[in-house]
Amino acid sequence: MTKRRAINSFAQSRAAAIAGLVAIGAFCGIQRAQAASTVQPAPEPSSRSVWDGVYTARQIQRGSAVYARDCATCHGPTLNGGEAPPLAGADFLAEWYGYSAGDLFERIRGTMPQTGPGSLSAQEYVDVLAHILSVNKFPAGETEMEGLREPLKRIRIEAAKPSRKGPN
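Residues numbered from 1 in each chain as written. Predicted model: local features only at pLDDT ≥ 70, side-chain atom pairs only at ≥ 80, totals over all residues. Heavy atoms only, no water.

Here the focus is the layout of surface pockets. There is about 310 Å³ of room inside the largest pocket. Those elements that place two or more of their residues in the lining of the largest pocket are α4 (90-96), α5 (101-111) and α6 (122-135). When grouped by side-chain class, the residues that make up the lining of the largest pocket number 11 nonpolar, two polar and three charged. (1 Å grid on protein atoms, 1.4 Å probe; cavity = no way out; pocket = protein on both sides within 12 Å on 5 of 7 lines; lining within 4 Å. Points joined across faces, edges and corners; volume = space filled by probe spheres on them. Helix = DSSP H or I, 4+ residues; strand = E, 2+ residues; numbered from the N terminus. Nonpolar A, V, L, I, M, F, W, Y, C, P; charged D, E, K, R; others polar.)

This part covers the pattern of salt bridges. Taken as a whole and assessed by the stated rule, the structure comprises eight salt bridges. Here Arg69 ties to Asp70 by a salt bridge, and the two come within 2.6 Å at their closest N and O atoms. Judged by relative accessible area, which is 25%, Asp70 ranks as partly exposed. Here Glu124 ties to Arg69 by a salt bridge, and the two come within 3.1 Å at their closest N and O atoms. (Salt bridge = Lys/Arg side-chain N within 4 Å of Asp/Glu carboxyl O. Buried < 20%, exposed > 50% of the residue type's maximum accessible area, 1.4 Å probe, protein only.)

What follows concerns the nonpolar core. Counting 32 residues, the largest nonpolar core has Tyr55, Leu129, Leu133, Met145 and Leu152 as the members making the most contacts within it. Where this core is concerned, the elements lending two or more residues are α2 (57-70), α4, α5 and α6. With residues up to four places along the chain from it excluded, the contact list for Leu133 reads Val50, Val54, Tyr55, Phe138 and Met145. (Core = buried A, V, L, I, M, F, W, Y, C linked by side-chain atoms within 4.5 Å. Contact = heavy atoms within 4.5 Å.)

With that settled, consider the confidence of the model for the chain. Segments scoring low in pLDDT should not have their predicted coordinates read at a detailed level. Per-chain confidence: the chain averages 82 in pLDDT, with 70% of residues scoring 70 or above. Taken as a whole, residues 33-44 scores under 50 in pLDDT and shows zero contacts with residues more than four places along the chain or in a different chain. (pLDDT = per-residue confidence, 0-100.)

The next point concerns the packing of α2 against α6. The geometry of α2 relative to α6 is characterised by a closest axis approach of 7 Å and an angle of 100° between their N-to-C directions. With respect to α6, the axis of α2 lies roughly perpendicular. In this structure, α2 uses Gln59, Ile60, Arg62, Gly63, Ser64, Val66, Tyr67 and Arg69 to contact α6, whose residues at the interface are Gln123, Glu124, Val126, Asp127, Val128, Ala130, His131 and Ser134. Taken together, the residues of the contact of α2 with α6 break down into six nonpolar, six polar and four charged. (Axes fitted to C-alpha atoms, helices over the stretch in contact; angles between N-to-C directions. Parallel < 35°, antiparallel > 145°, perpendicular 65-115°, else oblique.)

With 14 residues, α6 ought to run about 20 Å at 1.5 Å a step, and its terminal C-alpha atoms sit 20 Å apart, in line with that. Residues Tyr125, Val126, Asp127, Val128, Leu129, Ala130, His131, Ile132 and Leu133 constitute the buried set of α6. Where α6 is buried, its residues meet α2, α4, α5 and α7 (149-153). Once α6 finishes, Lys137 follows within two positions and takes phi at roughly 70°, a positive value. (Expected span 1.5 Å × (residues − 1).)

On to the environment of Ala72. Within the element layout of this structure, Ala72 appears in helix α3 (residues 72-75). Given a relative accessible area of 17%, Ala72 falls into the buried group. Ala72 sits 10 residues away from Gly82 along the chain, and the two C-alpha atoms are 9.1 Å apart. When near neighbours in sequence (up to four residues on either side) are disregarded, Ala72 contacts Tyr67 and Pro77.

Taking 1.5 Å of rise per residue, the 14 residues of α2 would be expected to cover 20 Å, and the 20 Å separating its terminal C-alpha atoms lies within 8% of that figure. Of all the residues in α2, the buried ones are Gln59, Ile60, Gly63, Val66 and Tyr67. Along the axis of α2, the buried residues cluster in a sector spanning 135°; they form a single face. Summarising the geometry of α2, the exposed residues directed more than 90 degrees from the buried face are Gln61 and Ala68. Looking at the buried side of α2, the elements it contacts are α3 and α6. (Arc of directions from axis to C-beta.)

Laid out in structure tokens, this is it:
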């Protein structure tokens, strides 16, 4: 075999190998694309509103007791303010509109009570949050709010009850 034929044979073998690798790569890419098109993305966590009954009557009772013990001195017995800002009414709702219950929970937990921020249990903080929502006329429901930031982040604070459009 001449040197030229050997080089041509090697070049052809190399070209065939590259073509084979390209074909395999294309096949794998098509398979991956088909598999990806059949996989559905995970659904977004559901979002609720404070109007959806996100706390229970029992939480209101517990939260009212904790509020009277640890919060009323500064925020007033009816949450109308005093030494500290009000936690009920139009000004409070305007301040917190568009935020989440998780945002409010974190603010309360990180700054209250003034004499010992973070000194209450997560359950006590979420019960106080339920009391605040109740005084602001948001309805109670059947399921307790959890004292966890992530589930509370999915609860929107809305000043006005959203309209629910049904089928026409």
